[in-house]
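Tertiary structure, described
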Amino acid sequence: MRSILHVARHVFRDSVRDKVLYSIVAFAVILMVSSFLIGQLTAGQDVKIIKDLGLAAMSLFGLFIAIFIGVGLVSREIERRSIYAVLAKPVRRHEFVIGKYFGLVGTLLANLAVMAIAYYLVLEYMRFTMPPGQFTVSPAVVDPRLSIGIGMIAAELAVVTAVAVFWSTFSSSAMLSAALTAGIWVAGQFGADLRNFDQVVKSPAAAALARGLYYLLPNFAAFDVKSQVVHGLPVGADYIVVTLLYGAAYVAMLLTAAVFIFSRRDFK
Amino acid sequence: MPLCVLLMGGVVGLQAYREQHFRNLEVEDQILYVRTPSVVARLALSFKDVFADLYWIRAIQHYGSTRLSSSPDKQYALLYPLLDLATTLDPRFSIAYRFGALFLSEGEPGGANRPDQAIALLEKGRTANPERWEYPYDIGFVYYRNREYSKAAEWFRQAAGVPGAPNWLAPMAAVTLARGGDLQTSRLLWQNLLSSEERWVRTAAERRLTQLDAIEQIRQLQSLSSEYQRRLGVPPPSWTALINAGLLRDIPRDPNGVPYVLDQASGVVSIERNSSLWPLPTEGTP
């Protein structure tokens, strides 16, 4: 456990110094601030658009960060030739993979926190500059329910990071791992289509295959509650708990597979 | 660095030159590459709400630019497809449905004169949000503007039946059936929209109520013009003639301060074309 924490701390310290991450976060923050200007064009829908754009920016740039940092598990260590030094230390391979994962998720959450603070500051400014009569607008401008959306984005990105880590144990090419992770993320958005595939094809085999993929692929669409929280609709506690459990189970499965593959990999 | 500044100046200068000399060659913003909402919904992945916002912004830009256009054959051809896309991507996008109800059903040149599309959009909103009384109310409203009073009354009755609907909706069906087409009923319908959550709807309602004031004033002025003609046998040649006859105290102006127009030949009173209230609606004028 101590080794895992040590690796995680090391990865976190190493990652947060990465200038590329700063650029991504800065770009997301600029986008959120500029959404205030875009909101001026929208005939009274400025609050909705600022909320939508802010959550989308967190989701999209968080995805970039998750893929960018996640795929570097092995490739970066090989590039720096540090993998041999790491493996020579008294750190077991499973501790290395799990520690890396938690370090990466920590980095991701730190970046997401910066974006969330910028998001709430923009909304607070919006509320502050609103004419007094509009304070009663429903849902509220600075709505605490938005944090549920941000939390679900964080959970989704934790699964994406696990997917990236999993592929990176396979391949030494960061580019290939990034493409595979992005592909899985896109496929994971089509859960409903895969589930209902039997309604559009006649072949039972194709329908069964689609059904199998529906259960096998991560259902990223389940984490998407952005629309509900922006419109101020309730998201049931049971839905959140079950989805988070699903995410945790998927991460555990991917990390187990990643550890299995990484333990057997020959780096000579 | 100075070279960069110099080149930037050159770029800005050339863009300004292009703007002045080649404006007519710019591509018209009347193209919608993907029209099928279900395709756009899939392409948008988990960013459907942002795409909905983009289509909404395009819809109001399209409406605004077409409305301000001086072209005699201007059309709001993209208004419905854009609102349809926005509401497919975000089925709870209330303003998009209600904006469509107002401006798709509005007669030309202020609207698309397509009540059928307005009703289709609102039906879609009602199916996606059965708990909202506003959509059946708006459908009734569109039928009312289209002078189909029995259908309007039926939809007002349905709206009143939605749990949480305001109390004033219940008598609306009876009033519409009894007095459909009169100015007071029109005024009542628009006044109800003043309490709408959507700022756009409130602004449109305020404008329409001002137009209804103008219609009422024109009716009164028209009766004065007729009175003048009855007394002297000829239509009044000017407002001054009416003032001299003791029928008016001052040159009458519309609620926005623009003088009304008096046709010398016929004595018909109308609103000035340059007034921001022109053209006046035909509803409430049976």
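This text gives an overview of the structure that appears in the document. Predicted model only: the values in this text are computed from it and were never measured.

How each quantity is defined
For every chain, the first residue of its written sequence is number 1, and the numbers climb from 1 along that sequence. Written order determines the labels here, with chains lettered from A and ligands numbered from 1. Under the rules for a predicted model, residues below a pLDDT of 70 receive no local features and side-chain atom pairs below 80 are neither given nor counted, while totals for whole chains, interfaces and linings still include all residues. Neither water nor hydrogens contribute to the side-chain values; these are computed over all heavy atoms in the structure. Segments assigned H or I by DSSP are reported as helices when at least four residues long, segments assigned E as strands when at least two residues long, and all are numbered from the N terminus. In what follows, a contact means two residues having at least one pair of non-hydrogen atoms within 4.5 Å. The Shrake-Rupley method, run with a 1.4 Å probe sphere, supplies the accessible areas, and residue values consider only the shown protein chains as cover. Neither His nor the chain ends contribute to the count of charged residues, in which Lys and Arg are positive and Asp and Glu negative. Positions of charges follow a simple convention, taking NZ of Lys, CZ of Arg, CG of Asp or CD of Glu. Each Phe, Tyr or Trp ring, with Trp reduced to its six-membered ring, pairs with another whose centre is within 6.5 Å; inter-plane angles below 30 degrees give stacked pairs, above 60 give edge-to-face pairs, and intermediate values give tilted ones. Burial here depends on accessible area, computed with a 1.4 Å probe over protein chains only, as a share of the maximum for the residue type. Under 20% is buried, over 50% is exposed, and the range in between is partly exposed. Helix axes use the C-alpha atoms of the stretch in contact, all axes being lines fitted to C-alpha atoms, and the angles between their N-to-C directions lie in the range 0 to 180 degrees. By the definition adopted for this analysis, an angle is roughly parallel if under 35 degrees, roughly antiparallel if over 145, roughly perpendicular if from 65 to 115, and oblique otherwise. In this scheme, a crossing is called left-handed if the near helix is turned counterclockwise away from the far one by less than a right angle; it is called right-handed if the turn is clockwise. Side-chain classes are defined by residue name, with Ala, Val, Leu, Ile, Met, Phe, Trp, Tyr, Cys and Pro counting as nonpolar, Asp, Glu, Lys and Arg as charged, and the others, Gly among them, as polar. Each residue after the first adds 1.5 Å to the expected span of a helix. Here a cavity means grid points, on a 1 Å grid over the protein atoms only, where a 1.4 Å probe fits yet cannot get out; a pocket means an open set of points with protein on both sides within 12 Å along at least five of seven lines; lining residues are those with an atom within 4 Å of a point. Grid points are joined across faces, edges and corners, and a volume is the space filled by probe spheres set on the points. Within this scheme, the nonpolar core is defined by two criteria: the residues are buried Ala, Val, Leu, Ile, Met, Phe, Trp, Tyr or Cys, and they are joined through side-chain atoms within 4.5 Å. Polar contacts here mean pairs of N or O atoms no more than 3.5 Å apart (in protein, one a potential hydrogen donor and the other a potential acceptor; neighbouring residues in sequence count only if both atoms are side-chain atoms).

This part takes up the overall build of chain B. Looking only at helices and strands, chain B features 12 helices and 2 strands. For chain B, the α and β elements follow one another from N to C terminus as α-α-α-α-α-α-α-α-α-α-α-α-β-β. If you take every contact in chain B between residues at least 6 apart in sequence, the share linking residues at least 24 apart comes to 58%. Summed over its atoms, the accessible surface of chain B is roughly 14,900 Å², and 56% of this surface lies on carbon and sulfur atoms. Each charge class in chain B can be summarised by its mean position, and for the 30 positive and 30 negative side chains these summaries are 1 Å apart.

Residue and element names in this part refer to chain B. Applying the stated criterion to the full structure yields 23 aromatic pairs over all chains. Here the aromatic rings of Y97 and Y135 are separated by 5.0 Å at their centres, their planes lie at 65 degrees, and the arrangement is edge-to-face. Here Y97, found in helix α5 (residues 94–105), pairs with Y135, found in helix α7 (residues 134–145); they are 38 residues apart in sequence, far enough to count as distant. A relative accessible area of 0% means that Y135 is categorised as buried. Summarising the aromatic geometry, the rings of F141 and W190 are spaced 4.8 Å apart at their centres and angled 80 degrees between planes, so their arrangement reads as edge-to-face. In this pair, F141 is assigned in helix α7 and W190 in helix α10 (residues 183–193), connecting sequence segments 49 residues apart.

It is worth spelling out the packing of helix α3 (residues 48–68) of chain B against α5(B) at this point. Residue and element names in this part refer to chain B. Where α3 contacts α5, the axes come no closer than 11 Å and their chain directions differ by 20 degrees. Our classification of the angle between α3 and α5 gives roughly parallel. Here α3 and α5 pass one another in a crossing that is left-handed. When α3 is examined against α5, the residues W56, I60, Y63 and R67 are found in contact with a partner set consisting of I95, A96, F99 and F103. Taken together, the residues of the contact of α3 with α5 sort by class into 7 nonpolar, no polar and 1 charged.

What follows deals with α7(B). All names here are of chain B. Over its 12 residues, α7 extends 16 Å from the first C-alpha to the last, a length consistent with the 16 Å expected when each residue adds 1.5 Å. Taken residue by residue, α7 has E134, Y135, P136, Y137, D138, I139, G140, F141, V142, Y143, Y144 and R145 as its buried positions. On its buried face, α7 is in contact with α5, α6 (115–128), α8 (149–160), α9 (169–179), α10 and α11 (199–232). Looking one or two residues past α7, R147 carries a phi angle of roughly 65 degrees, positive in sign.

Residue and element names in this part refer to chain B. Enumeration over the complete set of coordinates arrives at 2 cavities of 30 Å³ or more. Quantified by volume, the largest cavity comes out at close to 40 Å³. As for the largest cavity, its lining consists of R98, A101, L102, D138, F141, L193 and V201. Listing elements by their share of the lining of the largest cavity, those giving two or more residues are α5 and α7. No other element matches the 3 residues that α5 contributes to the lining of the largest cavity.

Before going further, it helps to examine the nonpolar core. Within the largest apolar cluster, 83 residues are counted, with the highest numbers of intra-cluster contacts made by A:L55, A:M58 and A:M115. Residue contributions to this core peak at 16 residues, all from helix α7 (residues 146–170) of chain A. Setting aside its immediate chain neighbours within four residues, A:L55 contacts A:Y119, A:L146, A:I150, A:I153, A:K226, A:V229 and A:V230. Core analysis: the second largest hydrophobic core is formed by 64 residues, B:Y80, B:L83, B:F93 and B:Y149 among them.

Turning next to the packing of helix α6 (residues 93–129) of chain A against helix α12 (residues 237–264) of chain A. Residues and elements named next belong to chain A. Two elements in contact, α6 and α12, have axes separated by 9 Å at closest approach and are oriented at 135 degrees. By the angle between their directions, the pair α6 and α12 is classed as oblique. Once α6 is placed against α12, the crossing between them reads as right-handed. The segment α6 lies against α12, with R93, H94, F96, V97, I98 and Y101 engaging V251, L255, A258, V259, F262, S263 and R264. Considered class by class, the residues forming the contact of α6 with α12 number 9 nonpolar, 2 polar and 2 charged.

A few words now on unusual backbone geometry. Residues and elements named next belong to chain B. Going from W278 to P279, the amide bond is cis rather than trans, its omega being -5 degrees. For P279, the position within the fold is in the segment after β2 (269–270). Here L45, not a glycine, exhibits a phi torsion of approximately 50 degrees, which is positive. You can see L45 is positioned in the loop between α2 (37–43) and α3. Classification of L45 as buried rests on a relative accessible area of 18%.

All names here are of chain B. The topology assignment puts D116 in helix α6. Sequence separation between D116 and D213 is 97 residues, and the spatial gap between their C-alpha atoms is 28 Å. Looking at D116, its side chain comes within polar contact range of the side chain of R114, at 2.8 Å.

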